[in-house]
Amino acid sequence: MVPTPTPPSTTPVRGCRSPEFTTSEPDGGWSDGGYYVHNNMWNTDEAGPETLRACAYDNWYVDSSQPDSTSVKTYPNVHKDINDLNGKPFNDYSVIRSTFAGRGPGVGIYDVAYDLWLNGVGDGAGVSELMVWTENLKQQPSGDKLATYTAGGFTYDVWADDGYVAFVSRSTQYSGSIDLKAMIAWAIGKGLIPPNPTVNQIGYGIEFCSTGGGKARFTLTDFSVTMS
C-alpha cells in the first residue's frame, strides 16, 4: 500500500514573517546553526530572478521566476558541510539521518531533493553526487532508470549516470525522516558509488527548471542532519 503524502497546508505550521537574512544575489548565502542557507543560482546564463528570505536554517522560503525550459536553473538549499568540505569516510558513521519538510509551488518544472556530495564537491575526478527526490513535477533525472529501492514505506525509482545517482520517490513526501546512510550503502553495494567514499556535503532544497511563466515559491519548514 502506497502511503498517502501529507497534503500541503494552507496555513503553514511555521511562517518566516520577519526574515533575519534576505538575498537576491546568485551566490548569496547565510550561515546559521551549523548549516548554510544558499540561494545557489548556479546556472546564471539561463536563470531568472530569485530572492531567498530566511528566519533560520530550518525556516525559510524562496520566490523564483524561471523561464519555460527544461534545464535546471537554480538550487536554493540548506546544507551541512562536513569537515570544512574535506569530508569524513562513510565507514566512520553508524548513523546518517535527516529530517525535512519542504513544499514546491505545484507549477512549472522542478524537483524538491536532497543533494549529497561524496569524494568531493562539484565537478572533479572521482566525485559522486547522490540525490533523493521527495517531490517531483515534470522533471526527469540524468541517466537511466536501473532499479527500485524501498524504505520507510516509500518506493523510489533509482536513476544513474556516470558519478550520479538519484532516488526518485514514486509518491510525494512533503515531510519526513530519511536514512541516508542506508541509501548510500545500497548504492555502494550496487557499484554505483565507490566503496567507503568521503561524505562531504548534505543539502536539501529545490531544483527549479521553470516556474510556469510567473513567480513561484518554495517553502522549507524543517531540516536537520544527524551524523554519528
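What counts as what
- Residues numbered from 1 in each chain as written.
- Predicted model: local features only at pLDDT ≥ 70, side-chain atom pairs only at ≥ 80, totals over all residues.
- Heavy atoms only, no water.
- Core = buried A, V, L, I, M, F, W, Y, C linked by side-chain atoms within 4.5 Å.
- Buried < 20%, exposed > 50% of the residue type's maximum accessible area, 1.4 Å probe, protein only.
- Contact = heavy atoms within 4.5 Å.
- Phe/Tyr/Trp six-rings, centres within 6.5 Å; stacked < 30°, edge-to-face > 60°.
- Helix = DSSP H or I, 4+ residues; strand = E, 2+ residues; numbered from the N terminus.
- Salt bridge = Lys/Arg side-chain N within 4 Å of Asp/Glu carboxyl O.

**Regarding the nonpolar core**
W60, Y114, L130, V132, F167 and I202 are the most contacted members of the largest nonpolar core, which totals 46 residues. When neighbours within four sequence positions are excluded, L130 is seen to be in contact with Y114, D115, L116, V165, F167, M183, I184, A187 and I193. Core analysis: the second largest hydrophobic core is formed by seven residues, A113, M131, W159 and Y164 among them.

**Things to note about the packing of aromatic side chains**
For the coordinates displayed, the defined rule picks out 15 aromatic pairs. Their ring planes at 75 degrees and their centres at 5.7 Å tell us that Y35 and F223 sit as a pair that is edge-to-face. Here Y35, found in strand β3 (residues 35–38), pairs with F223, found in strand β16 (residues 216–227); they are 188 residues apart in sequence, far enough to count as distant. Under the relative-accessibility criterion, Y35 is labelled buried at 9%.

**Description of the pattern of salt bridges**
Counted by the stated rule, this structure contains four salt bridges. For the salt bridge of D63 with R53, the shortest nitrogen-to-oxygen distance reads 3.4 Å. Here D63 is found in strand β5 (residues 59–64), whereas its partner R53 is found in strand β4 (residues 50–56), with ten residues between them in sequence. A salt bridge links D179 to R97; its shortest N-O distance comes to 3.7 Å. One end of the pair, D179, is in strand β14 (residues 175–179); the other, R97, is in strand β8 (residues 96–103), and 82 residues separate them in sequence.

**Digging into unusual backbone geometry**
Even without a glycine there, the phi angle at D84 is positive, about 55 degrees. Exposure remark for D84: the relative accessible area of 71% places this residue in the exposed category. A positive phi is found at L85, a non-glycine position, where the angle reads about 75 degrees. Looking at the element boundaries, L85 is found in the loop between β6 (77–81) and β7 (88–89).

Honestly, that's just the spatial picture; any functional story needs more than this.
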